[in-house]
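# Close look at the chain arrangement
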Amino acid sequence: MTLFDVEHVEALAISAMGVVLVIVGATDLGRKRVLEPLPALCLTLAGLAAFFWKAPLFVGYSEDDYPIVEFQETLFFLFLAACIFFWFGGLLTRHARALEAANVKIAHANERLQEADRVRNELVHTISHDMANPLTPMKIQIRILAGVTGATGPAATALKVLDNNVRRLERLVGDLRDVALIESGQMKVVLQASDLVPVLEGVGQAFKGTLGQKSIALESAWPATLPVDLDVTRMEQVLYNLLSNARKFTPPGGTITLRAALVGRRVRVEVQDSGRGLDDEEKGRLFQMFSQVHSPPETDERGTGLGLFICKGIMERHGGRIWVDSAGHGRGSTFCVEIPARPEAP
Amino acid sequence: MANLLPPDVAAVASLVAGCFAALLVMGSLWRARPEVTGPRRGWLLVSLGVVAFSVRVLGHFVSSPAIEIARGILGIAGSALLVTGFLILRRPRGREA
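Figured I'd write up the structure that's included with this text. (Residues numbered from 1 in each chain as written. Chains lettered and ligands numbered in written order. Predicted model: local features only at pLDDT ≥ 70, side-chain atom pairs only at ≥ 80, totals over all residues. Heavy atoms only, no water.)

## Overview of the overall build of chain B
The cut-off we apply is this: Secondary structure is summarised from DSSP: a helix means a run of H or I of at least four residues, a strand means a run of E of at least two, and numbering begins at the N terminus for each. The buried label applies to any residue whose accessible area, calculated with a 1.4 Å probe on protein chains only, is under 20% of its type's maximum; exposed applies above 50%, and partly exposed to all values in between. Throughout, a contact is declared for two residues whenever any of their heavy atoms are within 4.5 Å. Every accessible area reported is derived by Shrake-Rupley at a probe size of 1.4 Å, with residue values counting cover from the shown protein chains alone.
When helices and strands are counted, chain B shows 4 helices and 0 strands. Expressed as a percentage of the 97 residues in chain B, the buried residues total 42%. Within chain B, residue pairs in contact and separated by at least 24 positions form 68% of the contacts whose partners lie at least 6 positions apart. Accessible area of chain B: about 5,300 Å², with a carbon and sulfur share of 72%.

## Section: the sheet that holds strand S4 (residues 255-263) of chain A
Residue and element names in this part refer to chain A. What counts is decided by this rule: Any two strands are treated as partners once DSSP identifies two or more bridges connecting them. Convention adopted: a line fitted to C-alpha atoms gives each axis, helices being fitted over their contacting stretch, and angles between N-to-C directions are expressed from 0 to 180 degrees.
The sheet built from 5 strands is open, its strands ordered S2-S4-S5-S7-S6 with mixed pairing. The open sheet has two free edges, formed respectively by strand S2 (217-221) and strand S6 (321-326), since each of these has just one partner strand. The mean angle between the axes of side-by-side strands here comes to 15°, regardless of whether they run parallel or antiparallel. Looking at chain direction, S6 and strand S7 (residues 333-340) are connected through 6 bridges and run antiparallel.

## Some remarks on the nonpolar core
Residue and element names in this part refer to chain A. Basically, it comes down to this: For this analysis, a nonpolar core means a set of buried residues of the types Ala, Val, Leu, Ile, Met, Phe, Trp, Tyr and Cys, connected via side-chain atoms within 4.5 Å.
Counting 47 residues, the largest nonpolar core has Leu196 and Ile256 as its most contacted members. Looking at this core element by element, the count peaks at 7 residues for helix H7 (residues 232-249). Residues contacting Leu196, with those up to four places away along its chain left out, are Leu226, Val228, Leu230, Met235, Val267 and Val269.

## Thoughts on helix H1 (residues 6-31) of chain A
This is how it is decided: A helix is expected to span 1.5 Å for every residue after the first.
Between its first and last C-alpha atoms H1 of chain A spans 37 Å; for 26 residues at 1.5 Å apiece the expected length is 38 Å, and the two agree. Buried within H1 of chain A we find His8, Glu10, Ala11, Ala13, Ile14, Ser15, Met17, Gly18, Leu21, Val24, Gly25 and Asp28 of chain A. Here the buried face of H1 of chain A lies against helix H2 (37-54), helix H3 (56-59) and helix H4 (66-149) of chain A together with helix H3 (40-58) and helix H4 (65-89) of chain B.

## Concerning the interface of chain B and chain A
Interface size is commonly expressed as the accessible surface area that is lost when the partners come together. Going by this rule: Put simply, buried area is how much 1.4 Å-probe accessible surface two parts lose in total, over both of them, once they are put together. When a carboxyl oxygen of Asp or Glu lies within 4 Å of a side-chain nitrogen of Lys or Arg, that pair is called a salt bridge. Put simply, Ala, Val, Leu, Ile, Met, Phe, Trp, Tyr, Cys and Pro go in the nonpolar bin, Asp, Glu, Lys and Arg in the charged bin, and everything else, Gly too, in the polar bin.
Facing 38 residues of chain B, the contacting portion of chain A comprises 32 residues. Considering only the side of chain B, the residues that lose the most area to chain A are Val36, Phe86 and Arg90 of chain B, jointly responsible for 24% of the buried surface there. Our count for the chain B to chain A interface comes out at 3 salt bridges. In this structure, Arg56 of chain B engages Glu73 of chain A in a salt bridge whose closest nitrogen and oxygen atoms are separated by 3.4 Å. Where the side of chain B that touches chain A is concerned, the elements lending two or more residues are helix H1 (6-29), helix H2 (34-37), H3 and H4 of chain B. Of the residues in the side of chain B that touches chain A, the class split is 24 nonpolar, 9 polar and 5 charged.

## Topic: the pairing of strand S5 (residues 266-273) of chain A
Residues and elements named next belong to chain A. Bridging between S4 and S5 involves 8 bridges; their strand directions are antiparallel. Across the sheet, the residue bridging to Thr257 is Gln272, located in S5. The pairing of S5 with S7 spans 8 bridges and is antiparallel. Across the sheet, the residue bridging to Val269 is Val337, located in S7.

## Some thoughts on the packing of aromatic side chains
For any pair of aromatic rings, geometry is given as the distance between the ring centres together with the angle between the planes. Residues and elements named next belong to chain A. How we decide: When two rings of Phe, Tyr or Trp (its six-membered ring) have centres within 6.5 Å they constitute a pair, described as stacked for plane angles under 30 degrees, edge-to-face for angles over 60, and tilted for the intermediate range.
Applying the stated criterion to the full structure yields 12 aromatic pairs over all chains. Residues Phe51 and Phe52 carry aromatic rings whose centres are separated by 5.4 Å and whose planes lie at 85° to one another, so their mutual orientation is edge-to-face. According to the relative accessible area criterion, Phe51 is partly exposed, its value standing at 31%. A relative accessible area of 44% places Phe52 in the partly exposed class. Considering the side-chain rings of Phe287 and Phe335, the 6.4 Å spacing of their centres and the 70° angle between planes classify their relative orientation as edge-to-face. One end of the pair, Phe287, is in the loop between helix H8 (280-285) and helix H9 (307-317); the other, Phe335, is in strand S7, with 48 residues separating them in the sequence. Exposure remark for Phe287: the relative accessible area of 12% places this residue in the buried category.

This is how it looks when you write it as structure tokens:
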């Protein structure tokens, strides 16, 4: 047997490993750099066992020593396994505890957020309700004032500005109230068996009167009947909102198209405009609360950023959906709403 | 089992302890994230080292020159794997890719 046969090289390697493990384990045992005390102790003992398992080969050992040397091998394995178990298990246990603590924190934060959300909804509801109360007498007083005084010139202009702003405030308060209802899950729609066609005709007729000053054409197309279950008032609100948006973004001389059709077992209404169009980023956030795209400079219509969020809430309560299609900037947009058709639909 | 001598029992105990440790680490590494357990490469090397030593123990039950050489090689490889693995695991976090 030479010094460089496999047995001696192995003994050298295992003894050296033992020394390294003792150094690593003892260093951590003393300074607690990486390992906790228990795995560090086990590693040190595993290193000692490895060393005393193979190092005796170099000094020579008798047959009597053989069982002790073999026992060192077993000790090496046991301490190594214990080190790995305590080290690895400790890491996983600590992580599990950290996760548990984080979950508790998240649960508390969630509770606080829910409470804050509830308070916010109550606040918005209360504010919108209290703001709505004085608006009606204000509107009446403005009309009385305009009629009684027969105001002309600057006084008439002032009254018109006042009237416009009161109307805008009224819209804002109405939107805030709807948002509060949607957010708190209290918005109710009364679904009744109806025909959508008269609703479309009524909204189209009313909307046509607002287009004259911008020279925008309104085109419309729908079949003779479209039986659906809907809340007429809420559906009118949705359609009027979509048409108002289309008017806002359609340049003078442009066209708005209102059409409806039966698509499968659903009724789809589309409001298409020839306006600025939308890119993908805008389409993605359009139905979120307070989300607005930049109004064209020539328009004096300013939205609240709540209209489409409310439309989405209303459509969801109809069991329907709302989305927008646009090929990009300068290529117009098409807002689509879809609700289930009644069984008797053709 | 009645015919097993103390060294045989010790070899079986070594085999079981080593395999259990290696299986524990390898099984957990499959799902645990490196930011929790430390570098995967380090644990993998340690596990392979333990497996090498465990397989080496099997040679205890068979005696032949070829097996002795194989045991020697496994012992050398196992030592290298264990030392490298432990050193990687003890490196400060952030240096491991």
